[in-house]
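What follows is the residue order along each chain.
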Amino acid sequence: MIKVTHVTKTYDDGKVRVEALRGINVEIKNGEFTAIVGPSGSGKTTLLNIIGGLDTPTEGNVIIGETNIAHLSENQLIDFRLNHIGFVFQSYNLIPVLTAKENVEFLMLLQNKSEAERDERTTKLLKAVGLEDQINKKPNEMSGGQQQRVAVARALASKPDFILADEPTANLDSASTANLLDIMYRLNQEENMTFVFSTHDQRVIDRAKRVITIEDGKILSDEIR
Amino acid sequence: MIVKIAFKNIWRNKLRSWVVITAIALGIFGGLAVISTATGLSKMRQNNAIRTYVSHLQLHDSAYLKYGRLDDTINQQADIITYLEKSKKVKGISPRLKVESFIQSAGGTSGVILNGIDPEKERQVTDLAEQCIAGNFLERYKQKPPIIISQKLATKLNARVKTTIQCSFTNNMGVPITGIFKVVDIFSTSNSMYDELNAFVRLEDLQNLTSIQGSHEIAVVLHEEKEVEQFREELISKFPNQHIASWRGIAPDLGYADKMMDLVMTLFLIIIMLALAFGIVNTMLMAVLERKKELGMLISVGMNKRKVFWMIIWESIFLALIAGPLGIFSTYLAVNFFGRVGIDLSFAAQGLRSIGLESTLFPILDDKYYVIISILVIITAILSCIYPALKALKLNPAETLRTA
């Protein structure tokens, strides 16, 4: 369960003051397939960053499970992200010098998992995203869609509580988008994995079970389908 | 995994990495080459001086050094020679009688120091016999006493082998004496100034002419150069009335050159390490700035900053670990090769001779410098990438993902 209460975020560089979030309250339950939507500059990425512990709120609390991450130190946040949150980024952000397999097992290495456990989970995850025959390829040898599927497998590798995906289909063609959404939807259905997207891609919005619309840093609507 | 990623990271931009590696290797090679050449020159000058005229140790009567009087000969000569001949450390000794003289031939005149020597004993302490062109080191002569002069002096006097020359000096009573000698050989050392000022005759001939028995100087050469100072102390305690000096005391410029060389080498090492440090700082800073987004991603997904820091340190260590051995090994090969065959500097032979050097230079590099350089390269690599690594630690993951 993710519980965001009275969260505000203000950027102030001394000259310009921007209120990116203005008192956000939202709860996301386990197993949800939620899209946060809104126009550019609406605050959806800021909200996602705050939920993911990449940024801290100016005010308010972000409670994940039983931990209020708004009060964690920088190092505690890094550890928390490693063990509780999976990330999928818009531009894949795989480690270019590592193969698909090495990229997926990277987080498990940071978690000091045994080699046997890493091998087993990496194989399983790459199979789940349909890349079992691409394990030794490096990112530059794969298509954008394949790279994003590796990124999903990587996000799942650390056994997170939920996955945050920031515009995951923005750089993908229709076929790759459909394929990626199928995979994520299946993981959500079969393994009860929670997915939270920020997106303005209608194809993602159409598949979401809940759509939270943000504008000017405020929740405009919260639609459960 | 961190080490593996670090190693792979340095090959992302192969050209840049190789340029840096080559620059570091060349820097190390250049620095060590200069050090080895300078050491070779210094050692050559030192060895030449020791082999030609200084020897490891020289013993004099203290009064002789103070007043330069002919009759201030070494007063314990027999005891000293017996002691030296019994010592296992001593390779050779040569007593010398030295007289300032005016030398004259039909072709010219000059002032020289006449050195009365025992040819057999002198062979044990100097290589003067090997510098004689006719191979007659005062050993073969007929009626007139033999003399050896240098090529430079021979040119000045317009003399050659078999030329009769006259030496004028005063004995210990101040009575003018003239000796007639026949040139039996001509020598040429690597020190033209020494050549011009010295001529050699047999010890007994000079003793007969001056009516002085004994000698003014005993030159000593040891088997091991490193034992010189210790043996000097031993002699001083045994013969406290004698003035006993090591080559460092006799020719302090040689000792200064040694110390100067240490200073120069330290400076060169600092320059090499600074060049290495700037190369690494520049490369690693570029590598960090180019990968801001990726480093931000690594921190985002849970790689703690300690690991990010070490990943960058390892990248730098790998650059140094590749470049260091390349530079050191190429230096080792070059120093070994030229240490055997020498570097031909005959185009500057005359100039080199005037400062006591030969025209073939043999570079020397003490093994310790390979070890020191290896350790310094690693330390410098680590130190110089701390700044880029700290720069990486300051990255804000959310910001780098948003803006990069």
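Scroll up for the structure.
Just so it is clear, the model here is predicted, and its values are computed rather than measured.

1. Quick notes on the overall build of chain B
Alright, step 1. Each helix and strand in chain B was counted, giving 17 helices and eleven strands.
Alright, step 2. Across the 404 residues that make up chain B, the buried fraction comes to 50%.
Alright, step 3. Accessible surface computed for chain B: about 19000 Å², of which carbon and sulfur atoms make up 60%.

2. Topic: the overall build of chain A
Alright, step 1. In terms of regular secondary structure, chain A is built from seven helices and ten strands.
Alright, step 2. Counting over 225 residues, chain A shows a buried share of 55%.
Alright, step 3. Taking the intrachain contacts of chain A between residues at least 6 apart in sequence as the baseline, contacts between residues at least 24 apart amount to 69%.
Alright, step 4. Summed over all atoms, the accessible surface of chain A reaches about 9700 Å², with 45% contributed by carbon and sulfur.

3. Focus on a nonpolar patch on the surface
Alright, step 1. On the surface, a cluster of nonpolar side chains totalling about 630 Å² of accessible area is made up of Met260(B), Leu263(B), Leu267(B), Ile270(B), Leu274(B) and Phe278(B).
Alright, step 2. Summarising the element assignment, Met260(B) is placed in helix α11 (residues 252-290).

4. Focus: a positive patch on the surface
Residue and element names in this part refer to chain B.
Alright, step 1. On the surface, Lys142, Lys144, Lys162 and Lys182 cluster together into a positively charged patch.
Alright, step 2. In this fold, Lys182 is placed in strand β6 (residues 176-187).
Alright, step 3. Judged by relative accessible area, Lys182 falls into the partly exposed class, the value being 31%.

5. Some details on helix α16 (residues 386-393) of chain B
Residue and element names in this part refer to chain B.
Alright, step 1. Where α16 is concerned, the buried positions are Pro388, Ala389, Ala392 and Leu393. Down the axis of α16, the smallest arc covering the buried residues is 150°, so these residues share one side.
Alright, step 2. If you follow the buried residues of α16, they end up packed against α11, α12 (292-301), α13 (305-341) and α15 (367-384).

6. Describing the sheet that holds strand β3 (residues 33-37) of chain A
Residues and elements named next belong to chain A.
Alright, step 1. Read across the sheet, six strands follow the order β6-β7-β8-β3-β9-β10 without closing on themselves; strand pairing throughout is mixed. Looking along the sheet, the strands with just one partner apiece sit at the ends: β6 (85-88) and β10 (218-224). The sheet shows a mean angle of 15° between the axes of neighbouring strands, direction not considered.
Alright, step 2. Bridge count for β3 against strand β8 (residues 194-199) is five bridges, and the pairing is parallel. Bridge pairing in β8 places Ile36 opposite Ser198.
Alright, step 3. In the packing of helix α6 (residues 174-191) onto the sheet, contacts are made with β3 and β8, and the angle to β8 comes to roughly 145°.

7. Considerations on the sheet that holds strand β1 (residues 2-12) of chain A
Residue and element names in this part refer to chain A.
Alright, step 1. Strand order in the open sheet formed by four strands is β2-β1-β4-β5, and the pairing between neighbours is antiparallel. Since the sheet does not close on itself, it has two edges, and those belong to β2 (17-28) and β5 (67-68), each with one partner.
Alright, step 2. Pairing analysis gives five bridges linking β1 to strand β4 (residues 59-64), with the strands arranged antiparallel. By the bridge assignment, Lys3 is partnered in β4 with Ile63.
Alright, step 3. Against the sheet, helix α1 (residues 44-51) engages β1, β2 and β4, with an angle of about 120° to β1.

8. Brief notes about the environment of Ser192(B)
Alright, step 1. One can find Ser192(B) in helix α7 (residues 192-197).
Alright, step 2. Considered as a pair, Ser192(B) and Ser150(B) are 42 residues apart in the sequence and their alpha carbons are 8.8 Å apart.

9. Some thoughts on the interface of chain A and chain B
Alright, step 1. The interface is formed by 24 residues belonging to chain A together with 23 residues belonging to chain B.
Alright, step 2. Interface area for chain A against chain B, summed over the two sides, is near 2100 Å², with a carbon-plus-sulfur share of 66%.
Alright, step 3. A per-residue breakdown of the area chain A buries against chain B is headed by Ile78(A), Val97(A) and Leu110(A), which together make up 23% of the total.
Alright, step 4. At the boundary of chain A with chain B, the tally comes to three salt bridges.
Alright, step 5. A salt bridge links Lys8(B) to Glu102(A); the nearest nitrogen and oxygen atoms lie 3.4 Å apart.

10. Overview of the nonpolar core
Alright, step 1. Val4(A) and Ile373(B) are the most contacted members of the largest nonpolar core, which totals 86 residues.
Alright, step 2. With twelve residues, α13(B) is the single largest residue contributor to this core.
Alright, step 3. Ignoring anything within four residues of it in the chain, the contact list for Val4(A) reads Ile24(A), Asn25(A), Val26(A), Leu47(A), Ile51(A), Asn61(A) and Val62(A).
Alright, step 4. Within the second largest apolar cluster, 31 residues are counted, among which are Leu126(A), Met142(A), Ile183(A) and Leu187(A).

11. As for the environment of Asn198(B)
Residues and elements named next belong to chain B.
Alright, step 1. Relative to the helices and strands, Asn198 resides in strand β7 (residues 198-202).
Alright, step 2. Not counting residues within four places of it along the chain, the set of residues in contact with Asn198 comprises Ile113, Asn115 and Phe187.
Alright, step 3. Here the side chain of Asn198 touches Asn115 through a polar contact of 2.9 Å, side chain to side chain.
Alright, step 4. One polar contact links the side chain of Asn198 to the main-chain carbonyl oxygen of Tyr194, over a distance of 3.0 Å.

12. Section: the packing of aromatic side chains
Residue and element names in this part refer to chain B.
Alright, step 1. With the rule as written, the count across this model stands at 15 aromatic pairs over all chains.
Alright, step 2. Ring plane angle 70° and centroid distance 5.6 Å describe the contact between Phe187 and Phe200, whose orientation is recorded as edge-to-face. Pair noted here: Phe187 is in strand β6 and Phe200 is in strand β7, with a separation of 13 residues, a long-range link. Comparing Phe187 with Phe200 shows no difference in burial state: the two are buried.

13. A few points about the side chain of Thr210(B)
Alright, step 1. Along the chain, Thr210(B) falls in helix α8 (residues 203-210).
Alright, step 2. Excluding its chain neighbours within four sequence positions, the residues that come into contact with Thr210(B) are Leu97(B), Val99(B), Phe169(B), Asn171(B) and Asn172(B).

14. A few points about the pattern of salt bridges
Alright, step 1. Applying the stated criterion across every chain, the model contains 31 salt bridges over all chains.
Alright, step 2. Among the salt bridges present, the one from Arg186(A) reaches Glu190(A), with a minimum N-O distance of 3.9 Å. With a gap of four residues between them, Arg186(A) and Glu190(A) both fall in helix α6, about one helical turn apart.
Alright, step 3. Residue Arg186(A) is classed as partly exposed on the basis of its relative accessible area of 32%.
Alright, step 4. A salt bridge links Glu315(B) to Arg291(B); the shortest N-O distance between them is 2.8 Å.

15. Thoughts on the pairing of β6(B)
Residue and element names in this part refer to chain B.
Alright, step 1. Strand direction decides the pairing type here: strand β4 (residues 146-150) and β6, joined by five bridges, are parallel. Residue pairing across strands places Ile149 opposite Ile186, the latter belonging to β6.
Alright, step 2. Direction of pairing for strand β5 (residues 164-170) relative to β6: antiparallel, over a ladder of seven bridges. Across the sheet, residue Gln166 finds its bridge partner in β6, namely Ile180.
Alright, step 3. Following β5, the chain reverses through five residues before pairing antiparallel with β6; Gly174 in that reversal takes a positive phi of roughly 85°.

Conventions we followed
- Residues numbered from 1 in each chain as written.
- Chains lettered and ligands numbered in written order.
- Predicted model: local features only at pLDDT ≥ 70, side-chain atom pairs only at ≥ 80, totals over all residues.
- Heavy atoms only, no water.
- Helix = DSSP H or I, 4+ residues; strand = E, 2+ residues; numbered from the N terminus.
- Buried < 20%, exposed > 50% of the residue type's maximum accessible area, 1.4 Å probe, protein only.
- Areas by Shrake-Rupley, 256 points an atom, 1.4 Å probe, with all protein chains shown as cover.
- Contact = heavy atoms within 4.5 Å.
- Patch = residues over 30% accessible without salt bridge, like charges linked within 9 Å, V, L, I, M, F, W, Y side chains within 5 Å.
- Salt bridge = Lys/Arg side-chain N within 4 Å of Asp/Glu carboxyl O.
- Lys, Arg positive; Asp, Glu negative; His and termini not counted.
- Charge placed at Lys NZ, Arg CZ, Asp CG, Glu CD.
- Arc of directions from axis to C-beta.
- Pairing = 2+ DSSP bridges.
- Axes fitted to C-alpha atoms, helices over the stretch in contact; angles between N-to-C directions.
- Buried area = accessible area lost by both parts, 1.4 Å probe.
- Core = buried A, V, L, I, M, F, W, Y, C linked by side-chain atoms within 4.5 Å.
- Polar contact = N/O pair within 3.5 Å; in protein donor to acceptor, adjacent residues only side chain to side chain.
- Phe/Tyr/Trp six-rings, centres within 6.5 Å; stacked < 30°, edge-to-face > 60°.

Interpretation note: all reported values are geometric properties and have no functional meaning in isolation.
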